[in-house]
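# Observations on the model geometry
Read off the chains here:
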Amino acid sequence: MSDFDNVPVGDIPDDAVILDVREDYEWVAGHADGALHIPMDQLPARLDELDPDEDVYVICRTGGRSFRAAQWLTGQGYTAINVSGGMDMWLEAGKPLVSDNGLKPMVL
């Protein structure tokens, strides 16, 4: 049992803080517009980029890395919510994607 919530993509509020913990190459290929990108292995060093008073919706490709990141963030006193199914479900739900490489956005 986890001590944080898991939510489907459709339950993410429009004004939510979305934290994408995927690797750089995944982010460049396609991500949620307005999301914050901190690869999972950089999270401890970059923790100060997150506001401990805001809910953070953590996303990766399928939900495994984001689950572990949300678990860790919760242990640090943050309110972290894991996005079930990750960017794969984001894409399937028809949510908008942007890319940083000038190509059509895609989920890697």
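Residues numbered from 1 in each chain as written. Predicted model: local features only at pLDDT ≥ 70, side-chain atom pairs only at ≥ 80, totals over all residues. Heavy atoms only, no water.

Summed over all chains, the structure comprises 0 aromatic pairs. Its guanidinium or amino end placed over the ring of Trp90, Lys95 lies 5.6 Å from that ring's centre, counting from NZ or CZ. (Phe/Tyr/Trp six-rings, centres within 6.5 Å; stacked < 30°, edge-to-face > 60°. Lys NZ or Arg CZ within 6 Å of the ring centre and 35° of its normal.)

Further remarks concern the side chain of His31. With respect to the helices and strands, His31 occurs in the loop between helix H1 (24-29) and strand E3 (36-37). A polar contact of 2.8 Å, which involves the side chain of His31, links it to the backbone oxygen of Trp27. Beyond its immediate sequence surroundings of up to four residues, His31 is in contact with Asp20, Arg22, Met87, Pro96, Leu97, Val98, Ser99 and Asp100. (Helix = DSSP H or I, 4+ residues; strand = E, 2+ residues; numbered from the N terminus. Polar contact = N/O pair within 3.5 Å; in protein donor to acceptor, adjacent residues only side chain to side chain. Contact = heavy atoms within 4.5 Å.)

Strand order in this open sheet of 5 strands is E1-E5-E4-E2-E3, and the pairing throughout is parallel. Edge positions in the sheet fall to strand E1 (6-8) and E3, since each has one partner strand and no second. In the sheet, strand E4 (residues 55-59) pairs with strand E5 (residues 79-84) via 4 bridges, with the strands oriented parallel. Directly across from Val56, in E5, lies its bridge partner Ala80. Lying over the sheet, helix H2 (residues 64-75) contacts E1, strand E2 (17-20), E4 and E5, oriented at roughly 170 degrees with respect to E5. (Pairing = 2+ DSSP bridges. Axes fitted to C-alpha atoms, helices over the stretch in contact; angles between N-to-C directions.)

On to the pattern of salt bridges. A side chain with one charge can pair with a side chain of the opposite charge if their charged atoms come near. Per the counting criterion, the structure on display carries 4 salt bridges. Put simply, Arg65 and Glu26 hold a salt bridge, and the shortest N to O gap is 2.9 Å. Taken together, the residues span a long stretch of sequence, with Arg65 in helix H2 and Glu26 in helix H1 at a distance of 39 residues. Put simply, Arg61 and Asp88 hold a salt bridge, and the shortest N to O gap is 3.3 Å. Here the residue Arg61 occupies a position in the loop between E4 and H2, and Asp88 occupies one in helix H3 (residues 86-92), the gap between them amounting to 27 residues. (Salt bridge = Lys/Arg side-chain N within 4 Å of Asp/Glu carboxyl O.)

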